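Tertiary structure, described
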Amino acid sequence: LDQAESAVLGLAVGGFGGAGIRLTGAGGSRVEGSYVGVGADGATALANGLGIGVDGSPNHTVGGDEAGQGNVIAGNAGPGILVTGPASTGIVLAGNRIGMNAAGTAAVPNEAEGVRIERAPGVRGGGSDEAARNLIGGNATHGVYVVGAEADGVQVLGNWSGVGADGSMALPNG
C-alpha cells in the first residue's frame, strides 16, 4: 500500500513471491483481521516471500489493541513481519498470531523470524492488555529479532512467545 491511511481488512493473502502486503509511502495505513501466508481456513500455509513488509514508512498498524483487530501471519517463506529503515517510526504490531494457526493450537511456521525489526526506531510490539498481546510461536528462527543501532526505542510488551493461545502449549521458535 503506497496510499496514506489505507486499510487491508479481512483478507486472505497468499502465494506472492515477494511480500504478501507491503506498506510504503506516506504511512498511516492498517492491516486488520487478515490471514497473511495462510488460507481462509486459518491453518493451510499459502506462503508469500515474506508476510507483511514495512519499508521506510511511518505510523502503520498491523493488528490493533482491540479484540478482533489481530491478524494471522504464518506460513511465509521469510519473516512473518519485516519492519525496515529509520523512517519506519511509530509502527504498532499488536494482537497478532505469528507462526501459528488462527486457533493458536498448531505451528504454521514462518521460515525465518516471526518479527524482524531492522534499523527502525520506536516500533511497539504488543501492549499492556490481552487484546494487544501478540502470540509468537512456531517460527523457524527467532520469535522477535531487533537489529541495528537505529532501532532505539523499540518496545516489546506483554507478548507470549513460544506458546500457543492457552499460554501453556509449547509452540517453540527456532
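The structure this text deals with has already been given above.
Predicted model only: the values in this text are computed from it and were never measured.

Tracing the sequence through the fold places Gln69 in the loop between strand 7 (61–63) and strand 8 (72–73). On the basis of relative accessibility, which here comes to 17%, the residue Gln69 falls in the buried class. Between the C-alpha atom of Gln69 and that of Ser57, which follows or precedes it by twelve residues, the distance is 21 Å. When neighbours within four sequence positions are excluded, Gln69 is seen to be in contact with Val31, Glu32, Gly33, Gly63 and Gly64. A polar side-chain atom of Gln69 sits 3.1 Å from the main-chain amide nitrogen of Asp65.

The sheet built from five strands is open, its strands ordered 3-6-9-12-15 with parallel pairing. Because the sheet does not close on itself, it has two edges, and the strands there are strand 3 (19–23) and strand 15 (144–147). Between one strand axis and the next, the sheet turns through 10° on average, direction left out of account. With four bridges joining them, strand 3 and strand 6 (residues 50–55) adopt parallel strand pairing. Looking across to strand 6, one finds that Ala19 is bridged to Leu50.

Calculation criteria
Residues numbered from 1 in each chain as written. Predicted model: local features only at pLDDT ≥ 70, side-chain atom pairs only at ≥ 80, totals over all residues. Heavy atoms only, no water. Helix = DSSP H or I, 4+ residues; strand = E, 2+ residues; numbered from the N terminus. Buried < 20%, exposed > 50% of the residue type's maximum accessible area, 1.4 Å probe, protein only. Contact = heavy atoms within 4.5 Å. Polar contact = N/O pair within 3.5 Å; in protein donor to acceptor, adjacent residues only side chain to side chain. Pairing = 2+ DSSP bridges. Axes fitted to C-alpha atoms, helices over the stretch in contact; angles between N-to-C directions.

Don't take any of this as a statement about function, it's just geometry.
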